[in-house]
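This is what each chain is made of:
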Protein chains: 2
Amino acid sequence: MDENFRTIDKFKDKYLSELFEFLMIPSISSDPIHKSDVEKCAKWLAKHIETIGFKDTRIIQTEGHPIIFANFDKIDTNKKTFLIYGHYDVQPVDPLDEWRSPPFEPEIRNGKIFARGSSDDKGQLFVHLKAIESLRQFGELPVNAKLIIEGEEEAAMNNLDGFIKSNSELLQCDAVLISDTEWFSDDLPSICYSLRGIGFMEVTVYGPNRDLHSGSFGGAVDNPVIVLSQIIARLKDNYGRITVPGFYDDVVELDEIERSVFSSLPLDEEKFFSDIGLKIGNGEIGFSVLERIWARPSLDVNGIYGGYTGEGSKTIIPSKATAKISIRLVPNQNAKDIINKTVNFIKNLVPPTVNIDIKFYEGANPILINRNSSAIQAAISAFKNSFSKEPVFIREGGSIPIVEQFVDYLKKPVVLLGLGLPNDNIHSPNENFDINNFIGGIKASAYFMKEFSRS
Amino acid sequence: MDENFRTIDKFKDKYLSELFEFLMIPSISSDPIHKSDVEKCAKWLAKHIETIGFKDTRIIQTEGHPIIFANFDKIDTNKKTFLIYGHYDVQPVDPLDEWRSPPFEPEIRNGKIFARGSSDDKGQLFVHLKAIESLRQFGELPVNAKLIIEGEEEAAMNNLDGFIKSNSELLQCDAVLISDTEWFSDDLPSICYSLRGIGFMEVTVYGPNRDLHSGSFGGAVDNPVIVLSQIIARLKDNYGRITVPGFYDDVVELDEIERSVFSSLPLDEEKFFSDIGLKIGNGEIGFSVLERIWARPSLDVNGIYGGYTGEGSKTIIPSKATAKISIRLVPNQNAKDIINKTVNFIKNLVPPTVNIDIKFYEGANPILINRNSSAIQAAISAFKNSFSKEPVFIREGGSIPIVEQFVDYLKKPVVLLGLGLPNDNIHSPNENFDINNFIGGIKASAYFMKEFSRS
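This one's a predicted model, so the numbers in the text were calculated from it and none came from an experiment.

Quick notes on the rules
Residues numbered from 1 in each chain as written. Chains lettered and ligands numbered in written order. Predicted model: local features only at pLDDT ≥ 70, side-chain atom pairs only at ≥ 80, totals over all residues. Heavy atoms only, no water. Least-squares fit on C-alpha atoms with pLDDT ≥ 70 in both. Contact = heavy atoms within 4.5 Å. Pairing = 2+ DSSP bridges. Helix = DSSP H or I, 4+ residues; strand = E, 2+ residues; numbered from the N terminus. Axes fitted to C-alpha atoms, helices over the stretch in contact; angles between N-to-C directions. Buried < 20%, exposed > 50% of the residue type's maximum accessible area, 1.4 Å probe, protein only. Lys, Arg positive; Asp, Glu negative; His and termini not counted. Salt bridge = Lys/Arg side-chain N within 4 Å of Asp/Glu carboxyl O. Polar contact = N/O pair within 3.5 Å; in protein donor to acceptor, adjacent residues only side chain to side chain. 1 Å grid on protein atoms, 1.4 Å probe; cavity = no way out; pocket = protein on both sides within 12 Å on 5 of 7 lines; lining within 4 Å. Points joined across faces, edges and corners; volume = space filled by probe spheres on them. Nonpolar A, V, L, I, M, F, W, Y, C, P; charged D, E, K, R; others polar. Core = buried A, V, L, I, M, F, W, Y, C linked by side-chain atoms within 4.5 Å. Phe/Tyr/Trp six-rings, centres within 6.5 Å; stacked < 30°, edge-to-face > 60°. Buried area = accessible area lost by both parts, 1.4 Å probe. Expected span 1.5 Å × (residues − 1). Arc of directions from axis to C-beta.

Enquirer: Would you mind going over the relation of the copies chain A and chain B in detail, with residue names and values included?
Expert: Between the two copies of the chain lies a rotation about an axis combined with a shift along it. When chain A is brought onto chain B, the operation consists of a screw motion whose angular component is 180° and whose axial shift is 0.0 Å, with 0.0 Å RMSD remaining. The transformation relating the two chain copies, once decomposed into turn and shift, fits a two-fold axis. Both copies share a contact surface, since 100% of the interface residues of chain A are interface residues in chain B too.

Rendered as structure tokens:
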């Protein structure tokens, strides 16, 4: 393996310059304006995959953005088969003025690659492509490699779901490998074994049929922004506990062993909050910060708008107001059930003076992975050998909705070989990816494939 | 007077085409982007005033937008002196896509002039200029005419205040004439004797120093949008009664006579609400719609924004959220006192998990005008003769902050000779001004000047 690792070090600049090309394409999947960029990104990636040596590379058009599927070669039944998942789409970039360098002009500063998608998920996905490329230089791949790469992970679309459902034969494998999570801290390689699920809704309150002069009507009609605020205010208590009836019915309480593992992790709560500019946090009473993020559900308003939002004043009663709301779920909550309960609760809060419209998107259920599989054991070795550190088991507060599909339809172990770091600023301005984790990740991926091929 | 009226009818097309020129200048005072348009509008207006025959026309630069002052001629001490006030600035135009014709391309449909500012206040102001022009064709003006026209009425600026304070000599007069209010209904000429005051604030809640991933942080930190919503939700009860302590301390309750005058006015509540797309309204228990709008204070959120407001989803915890809030005041509430009480109340609602910033703007106190002055009596005659209808006394829920200054510093009767109609859509898309009220208004203004000059 040492020679393989040296080769990877040698090609660092080549790998980086290829990644930069990938990062320069603004593949923002949730914004229709960028539809052609997403398409362009899919084409670039498919072509790149072919240059690595994949013999069967397909761009599959969907009602949304294209899926890329690739087979390295014909399946050798003597070898284990890996399915590598990733996504080539990225989050929107606003507020743009808070970026130190343009989001689609990658720049290296202090050993980190700054660009939208550098960590989530172009950089982490690219690691596995380069691992395969490097393994190939030493002869035949020790595994059968398949790729399934989507362009809708950051958008409210999920055409991949249908594709997985109808193509479980094509996707058959011994393990699914995903790098789309992060380490517990900068020097602690981590393997994630649980993800929160997600539900999403957009609530619009409609009042008068046009913006009204607040002098001529104020006091006699309800104000949609105030009604929406009153609804939002009633969704959580002062400590972040969600007030939707039945919301916590299916939440599995943590056992004492997991609580003690959580509490042994080196979390400096003061630093955790000061890093994000806060003195203190807020959350459910009786739970630590990690428990709140990893093993308790949460509800957030992601955005709100209504009425006059320009500079200065405009004294109107707005005709409508909208809030985007996301809910994070934990085992064994069911996304459909929770969305249903929340929508019904909101509907009951609406006074007869306004109308309401609630759009909701199918969410993802939370995930719990068996920590004893041979795939997970191979991942532990890979991290130990590539980063010279014993990895830890962690959970993740975020969601990778597609993991649920792999679990449900392929019924094979999923390995979350995350390479992100806590300050990668994913979904925020100045997203970045540590070059050490990029190169170390390529080594870990190569090591993992060899190791698992022998298990 | 009949000949004068016939002349006014004859020049209708000329008056309209001049008004159109005035309306085509997008003098949006609250938006810095339009600063040069406001300047251009002031210049156009000053030039137009000179063509009418004003011998002394001045454009007075301020820290904000220019004030126009004009004297028709040297003061003849045998004549009464009128000061006509108006404003040449207009409200912003968004949402632009709801306009049937572009806001700054005046268009006549169904006998109405559609354009931003047509009613509020360019059209109503122009009435008096054309009245003077028409009176002048029959010889000397029966009055000394002065104009004071500002460009900041729709913005959170008030350089006119300072000008009035330092120039009470220059502005000396026997009555102030203002057309910036509306009739009770389409066929009921109305004289307004009371205005609500106004206070304005912009509240921003600051949370984390950047937008956070709602998966990685949700459940452990407070969400600025939710905190702002909780604050807004606590400002009013379910019936629109404001919960700020001491808010109603100085409110003068209506006496039985005024309540009975209000209730005799032909308000079709069902139509009132259906015109604005509502089945029912909402407001303080124990008060009629007119009482709520005219004689009770109100609080509205004019706009709110925070986090992701684009299409689709972006599952973040926003770093901040802002609400624009306006308060309408009634006699004898004091704007400074009410703003102070509201700001303190809001500050006490803020949890220690976020920071808050409150910007507030000096408001205007509410106004109550003596209905027995000779100026008001002349206004009654003018309306009766120009529109062949007995006018009614009404109040107005809106505010004309400058009226307070005229009352305080000039100490002369103020006549609110409003010419707007209830469906003029001021401050909204498709603002319009009825041509009959434009032409009839010119007659009423001319009649009023003659009548008052004899009193």
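Enquirer: Help me get a handle on the sheet that holds strand S5 (residues 112-114) of chain B, residues and values and all.
Expert: In sheet architecture, strand pairing relies on hydrogen bonds along the backbone and comes in two forms, parallel and antiparallel. Residues and elements named next belong to chain B. The sheet built from three strands is open, its strands ordered S4-S5-S18 with antiparallel pairing. Two strands in the sheet have a free side with no partner beyond their single neighbour: strand S4 (107-109) and strand S18 (432-434). In this sheet, neighbouring strand axes are inclined to one another by 30° on average, regardless of whether the strands run parallel or antiparallel. Where S5 and S18 come together, three bridges link them in antiparallel fashion.

Enquirer: Would you mind going over the side chain of B:Glu396 in detail, with residue names and values included?
Expert: The residue B:Glu396 is located in strand S16 (residues 392-396) in this model. It is B:Arg328 that comes nearest to the buried, bridge-free B:Glu396 among opposite-charge side chains, at 6.9 Å. One polar contact links the side chain of B:Glu396 to the main-chain amide nitrogen of B:Gly398, over a distance of 2.9 Å. Apart from residues lying up to four places away in sequence, B:Glu396 is in contact with A:Ser216, B:Thr181, B:Glu182, B:Cys192, B:Ser194, B:Leu195, B:Arg196 and B:Trp294.

Enquirer: I'd like to hear about empty space enclosed by the protein, residue by residue, with values.
Expert: Picture a little ball the size of a water molecule; that probe, rolled over the atoms, points out where space is still empty. One pass over the full model with this rule turns up four cavities of 30 Å³ or more. The calculated volume of the largest cavity comes to roughly 90 Å³. If you go around the largest cavity, you meet 16 residues; those closest to its centre are A:Gly219, B:Tyr239, B:Gly240, B:Gly283 and B:Glu284. Among the residues making up the lining of the largest cavity, the classes are represented as six nonpolar, five polar and five charged. Considering only enclosed or pocket space, the second largest cavity measures out at about 50 Å³ in volume. Lining the second largest cavity, in full, are A:Lys236, A:Gly240, A:Gly283, A:Glu284, A:Arg292, A:Arg296, A:Pro297, A:Ser298, A:Leu299 and B:Gly219. Counted by class, the lining of the second largest cavity contains two nonpolar, four polar and four charged residues.

Enquirer: Go over the pattern of salt bridges with me, naming the residues and quoting the values.
Expert: Residue and element names in this part refer to chain A. Applying the stated criterion across every chain yields a total of 47 salt bridges over all chains. For Lys443, the salt bridge is made with Asp9, and the minimal N-O distance between the two is 3.0 Å. Of this pair, Lys443 sits in helix H14 (residues 435-454) while Asp9 sits in helix H1 (residues 2-10), placing them 434 residues apart in sequence. With a relative accessible area of 13%, Lys443 lands in the buried category. The exposure class of Asp9 is partly exposed, given its relative accessible area of 40%. Among the salt bridges present, the one from Lys14 reaches Glu133, with a minimum N-O distance of 2.5 Å. Residue Lys14 is located in helix H2 (residues 12-23), and its partner Glu133 is located in helix H4 (residues 122-136); the two are separated by 119 residues in the primary sequence. Look at the salt bridges and you will find they share partners, linking Lys14, Glu18, Lys130 and Glu133 into a network.

Enquirer: With reference to specific residues and values, describe the nonpolar core.
Expert: The tendency in soluble globular proteins is for nonpolar side chains to be buried as a group. Counting residues in hydrophobic clusters, the biggest one holds 110 residues, and the most contacted among them are B:Leu45, B:Ile148, B:Phe406 and B:Phe438. No other element matches the ten residues that helix H14 (residues 435-454) of chain B contributes to this core. Setting aside its immediate chain neighbours within four residues, B:Phe406 contacts B:Leu83, B:Tyr85, B:Ile148, B:Ile164, B:Val176, B:Ile178, B:Lys411, B:Lys412 and B:Val414. A:Ile8, A:Ile25, A:Ala46 and A:Leu83 belong to the second-largest nonpolar core, a separate cluster that totals 109 residues.

Enquirer: Mind laying out the packing of aromatic side chains, listing which residues take part and the relevant values?
Expert: Under the criterion given, the structure shown has 40 aromatic pairs over all chains. Relative to B:Phe217, the ring of A:Phe272 lies with its centre 5.4 Å away and its plane at 35°, an arrangement referred to as tilted. Within this pair, whereas A:Phe272 is found in helix H9 (residues 269-274), its partner B:Phe217 is found in helix H6 (residues 214-217), the two belonging to separate chains. Taken as a pair, A:Phe272 and B:Phe217 share a single burial class, namely buried.

Enquirer: Can you explain the interface of chain A and chain B? Please cite residues and give values.
Expert: Taken together, the 88 residues of chain A in the interface contact 88 residues of chain B. Both sides of the chain A and chain B interface together cover about 7,500 Å² of buried area, and 52% of this is carbon and sulfur. It is A:Arg210, A:Ile276 and A:Lys314 that lose the most area in chain A upon contact with chain B, and together they represent 8% of the buried surface on that side. Taking the shortest distance from any N to any O, the salt bridge between A:Lys314 and B:Asp94 comes out at 3.9 Å. For the interface between chain A and chain B, the tally reads 44 residue pairs in polar contact (both at pLDDT 80 or more). Ranked by the residues each element gives to the side of chain A that touches chain B, the list is headed by strand S11 (residues 298-307) of chain A, at ten residues.

Enquirer: How would you explain the pairing of strand S6 (residues 144-150) of chain B if you had to name every residue and give the values?
Expert: Residue and element names in this part refer to chain B. Judged by how many residues are buried, S6 sits mostly within the fold: seven of seven residues are covered. Covered by surrounding structure in S6 are Asn144, Lys146, Ile148 and Glu150 together with Ala145, Leu147 and Ile149, the residues of both alternating faces. Summarising the sheet, strand S3 (residues 81-87) and S6 pair through seven bridges and their orientation is parallel. Paired with Ile84 across the strands is Leu147, a residue of S6.

Enquirer: Describe helix H11 (residues 335-349) of chain A, listing the residues and the values that go with them.
Expert: Residues and elements named next belong to chain A. With 15 residues, H11 should reach 21 Å at 1.5 Å per residue; the first-to-last C-alpha distance of 21 Å fits that figure. Inspection of H11 places Ala335, Ile338, Ile339, Thr342, Val343, Phe345, Ile346 and Leu349 among the buried residues, and these make up the whole buried set. Burial along H11 is one-sided: seen end-on, the buried residues are contained in an arc of 165°. Exposed residues pointing more than 90 degrees away from the buried face of H11 are listed as Lys336 and Asn348. For H11, the side-chain oxygen to backbone nitrogen distance between the N-cap and Lys336 is 3.0 Å, and the N-cap itself is Asn334.

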